[in-house]
Amino acid sequence: MSGGLVWIFLRRSLSREPYRIVRLSAWSLAEVVPAFAGGHAVARAVDDGFAAGRPGTGLAWLALLAAAWLLAAVAARQILLNIAAVVEPFRDDLLTRVVSGALRAGRDGDAAAVARMNHQVELARDALGAIITVVRSFVFTLVSVAIGMMTLAPEVVPLVLPPVLLGLGLFLASLPALARRQRDFIVADERTASAVAVMAGGLRDVSACGAEVRVAATVGRQIGDQARAARSLARVTATRTLSLAVGGWLPILLLLAGTPWLLGRGLTAGVVLGALTYVMQSLTPALSGLVQGLGVSGVRLAVTLERILGDQGPPESGGPRRRPEGTRLELTGVAFAYGPKAEPVIDGLDLVVPEGDHLAVVGPSGIGKSTLAGLVAGVLRPTEGSVLVGGVPANETHEAVRALIPQEAYVFHGSLAENLTYLTPEAPAEAVDEAVAAFGLAGLAQRFDGYDTEIDPAELSAGERQLIALARTYLSPARLVVLDEATCHLDAAAEARAEAAFAARGGTLIVVAHRISSALRARRVLVMDGTRVLVGTHEDLVGASPLYADLVGLWVDHRLPQGIPTPSPRP
Ligand SMILES: Nc1ncnc2c1ncn2[C@@H]1O[C@H](COP(=O)(O)OP(=O)(O)OP(=O)(O)O)[C@@H](O)[C@H]1O
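Predicted model only: the values in this text are computed from it and were never measured.

## Here's the deal with the UniProt feature "transmembrane region" (unreviewed entry) in the protein chain
- The UniProt entry lists residues 21-46, 58-76, 127-153, 159-179 and 241-263 under the feature "transmembrane region" (unreviewed entry), expressed in the numbering used here.
- For residues 159-179, the end-to-end C-alpha separation is 32 Å, with 100% helix and 0% strand making up the annotated structure.
- Secondary structure across residues 241-263 comprises 96% helix and 0% strand; the distance between its end C-alpha atoms is 32 Å.

## A few points about helix α8 (residues 212-257)
- Over its 46 residues, α8 runs 64 Å from end to end, which matches the ideal 68 Å to within 8%, given 1.5 Å per residue.
- The largest bend in α8 is about 40°, located at Trp249, with the proline Pro251 one to four residues further on.

## A closer look at unusual backbone geometry
- Its identity is not glycine, yet Asp449 carries a phi of approximately 60°, on the positive side.
- Relative to the assigned elements, Asp449 resides in the loop between α14 (442-447) and β8 (454-455).
- Given the relative accessible area of 70%, Asp449 is considered exposed.
- For Glu485, which is not glycine, the phi dihedral falls at a positive 50°.
- Glu485 gets classed as buried once you look at its relative accessible area, which sits at 15%.

## Concerning the sheet that holds strand β1 (residues 329-336)
- Judged by pairing direction, the sheet is antiparallel, and its four strands sit side by side in the order β2-β1-β4-β5 without closing on themselves. Edge positions in the open sheet fall to β2 (346-353) and β5 (392-393), since each of these has one partner strand only.
- Pairing of strand β4 (residues 384-389) with β5 involves two bridges; the strand directions are antiparallel. By the bridge assignment, Val389 is partnered in β5 with Val392.

## Observations regarding the sheet that holds strand β10 (residues 508-512)
- Strand order in the open sheet made by the six strands is β6-β9-β10-β3-β11-β12, with mixed pairing throughout. Of all the strands in the sheet, just β6 (402-405) and β12 (532-536) have a single pairing partner and so form its edges. Across the sheet, the axes of successive neighbouring strands diverge by a mean angle of 15°, strand direction being ignored.
- Inspection of the sheet shows strand β9 (residues 480-484) paired to β10 by five bridges, in the parallel sense. Bridge pairing links Val482 to Ile510 in β10.
- Along the sheet face, helix α11 (residues 369-376) touches β3 (358-362), β6, β9, β10 and β11 (524-529) and points at about 160° away from the line of β9.
- The strands that helix α16 (residues 492-505) touches are β3, β6, β9 and β10; relative to β10, the one it contacts most, it runs at about 155°.

## Details of the pairing of β4
- Sheet analysis places β1 next to β4, joined by five bridges and oriented antiparallel. Bridge assignment links Thr332 to a residue of β4, and that residue is Ser386.
- Remark: two residues form the turn of the hairpin made by β4 and β5, two consecutive strands paired antiparallel; Gly390 in that turn has positive phi of roughly 55°.

## Notes on the packing of aromatic side chains
- Taken as a whole and judged by the stated rule, the model has seven aromatic pairs.
- Centre to centre, the rings of Phe412 and Tyr422 are 5.1 Å apart; their planes meet at 55°, and the pair counts as tilted. With a gap of ten residues between them, Phe412 in the loop between β6 and β7 (414-415) and Tyr422 in the loop between α12 (416-420) and α13 (429-438) connect regions that are remote in the sequence. Across the pair, exposure class does not vary: Phe412 and Tyr422 are buried alike.
- Taking the centre distance of 5.6 Å and the plane angle of 65° together, the rings of Phe439 and Phe502 count as edge-to-face. Here Phe439, found in the loop between α13 and α14, pairs with Phe502, found in helix α16; they are 63 residues apart in sequence, far enough to count as distant.
- Since its relative accessible area comes to 1%, Phe439 is described here as buried.
- Feature note: the residues Tyr410, Phe412 and Tyr422 constitute an aromatic cluster, connected by ring pairs.

## Considering the confidence of the model for the protein chain
- With 89% of its residues at a pLDDT of at least 70, the protein chain reaches an overall mean of 86.
- This model gives residues 559-571 a pLDDT under 50, and the stretch forms 20 contacts once residues within four places in sequence are excluded.

## A few points about the site of the ligand
- By nearness alone, every residue bordering the ligand is listed as Tyr338, Val345, Pro364, Ser365, Gly366, Ile367, Gly368, Lys369, Ser370, Thr371 and Glu485.
- In this structure, Gly366 approaches the ligand through a main-chain N or O atom, which is 2.8 Å from an oxygen atom.
- Separating an oxygen atom of the ligand from a backbone N or O atom of Ser370 is a distance of 2.8 Å.
- Isolated, the ligand exposes 630 Å² of accessible area, and the fraction of that covered by the protein chains is 54%.
- By residue class, the composition of the shell around the ligand is four nonpolar, five polar and two charged.

## Examining the environment of Glu155
- Its location among the elements puts Glu155 in the loop between α5 (111-152) and α6 (157-201).
- With relative accessibility at 22%, the residue Glu155 sits in the partly exposed group.
- Separated by 112 residues in the primary sequence, Glu155 and Leu267 have C-alpha atoms spaced 8.9 Å apart.
- Discounting chain neighbours no more than four positions away, the residues touching Glu155 are Trp261, Leu262, Arg265 and Leu267.

Cut-offs used in this document
Residues numbered from 1 in each chain as written. Predicted model: local features only at pLDDT ≥ 70, side-chain atom pairs only at ≥ 80, totals over all residues. Heavy atoms only, no water. UniProt positions renumbered as here; feature names shortened; annotations may be inferred. Helix = DSSP H or I, 4+ residues; strand = E, 2+ residues; numbered from the N terminus. Expected span 1.5 Å × (residues − 1). Bend = angle between axes of the 7 residues up to and from the residue. Buried < 20%, exposed > 50% of the residue type's maximum accessible area, 1.4 Å probe, protein only. Pairing = 2+ DSSP bridges. Axes fitted to C-alpha atoms, helices over the stretch in contact; angles between N-to-C directions. Contact = heavy atoms within 4.5 Å. Phe/Tyr/Trp six-rings, centres within 6.5 Å; stacked < 30°, edge-to-face > 60°. pLDDT = per-residue confidence, 0-100. Near = heavy atom within 4 Å. Polar contact = N/O pair within 3.5 Å; in protein donor to acceptor, adjacent residues only side chain to side chain. Areas by Shrake-Rupley, 256 points an atom, 1.4 Å probe, with all protein chains shown as cover. Nonpolar A, V, L, I, M, F, W, Y, C, P; charged D, E, K, R; others polar.

Take a look at the structure:
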């Protein structure tokens, strides 16, 4: 998942300024001029200069090489600036996603969690910058050295390139194991830190209760786990040294051992020295940079992204996100207040919503409909009672299972396709087409010449933004969808089409109704009337709830559109 997202973010930042790639490549070419010229210049300096008794010529060749290094220094500066221009938008996009994830998960009050994630995003940004630097440098150096050697003396190529590629292969093969061990080590390290912090905070109590031995055993176990993880990581890290030995040093050994053979084939001492220069000056440092850089930064990026995107941090209960058995919703004795001293907005609510139900929530403004939506979607935690989705507390269920769409739709700078597949980057094109058709977005796509043009959210109407957010959720795997007046900027027909699309899609649908017509489309209706909550079909409630009858009556009087069944008369 994280690899795909890095790719999406990178593609987005590169597509904003595609010439960056061209510039980066051009400066990379300039940077490897000394790598290409090194072997030739040394060979000429020895053969035509120093060995031929013409030191001036030798020095001239070396001066030429020095000039190439100066050019490389200028290029290195430009490369740094261009890489920064690529990774900074990546950082911005990632941070936006992480912070909105934290807000969605109701951790807006937890400034420390957001600051921690911010720090992790910075680490990911630095790691990505380092990866681009070393991978790019290795590829350009390898190609230029290969061309340099072939034009200088093709005989040396079989002595150099096979071990380099073997070392590279060894290293790449060890990367997945390295990532796993690194992640295990980070987790063990965090557990130790947390165990030690808890112990330090309670030292006085530990001592007062005489629990030293027990606490020392618990923390000791944690430290033992961390030591084992560190040893295991060190063992895999040793393969890095092996790949460097094979790829970086074996070619030198082969060149030195093969010198008599090379001289026998008519190569001069200068050419052999030139070949050695290629390996020692360019190839070995580039491979070493790749192995160190990718081994540390690559693994760090993978682990950091997995942590910040995979679960967006642990749920407030501290346990991992859980996948529930279905989406049957069960609220038992639920109370919720916005502060310890505030009046509860919801009090003693019992409610069961079977899997696959379509429930509309209606009630006067400020009665607590959004609060209920937040509780059901796991964004808010009940002050009392429990909200279970498939038997799991709603705030602990995996985020992919549930979706809450608020009134203000979230659309970001990016293509329509990226906006639609934000929750399902791997969605097939046919599914995207189907969602576009289901929500009447074809006209919008046409206006932007297809799905791939970047859109500016400010240029969309509030209704268009809502349609995009709805289609995005429609495409997502969420089986519990809560629309909290998510269609309030749509006209009645578009709203009806959106609700029908979700109802046909399957899964549980809960709609906080903006228009009472939403209640007529739902299988059941929940009326919030003060602290009283009534649930039933439209027909039941018209008779049982004066408030509902009023809401329906007002709507019938003023806005009954054609085609909607006339509700039963008030009792
Ligand atoms: N973040 C908050 N902090 C404090 N009080 C809040 C907060 N959010 C909502 N409330 C209060 O809780 C009550 C219920 O609000 P809620 O938004 O759930 O009602 P609603 O029925 O969705 O209203 P509307 O139909 O106007 O959107 C209101 O009195 C509101 O002022």
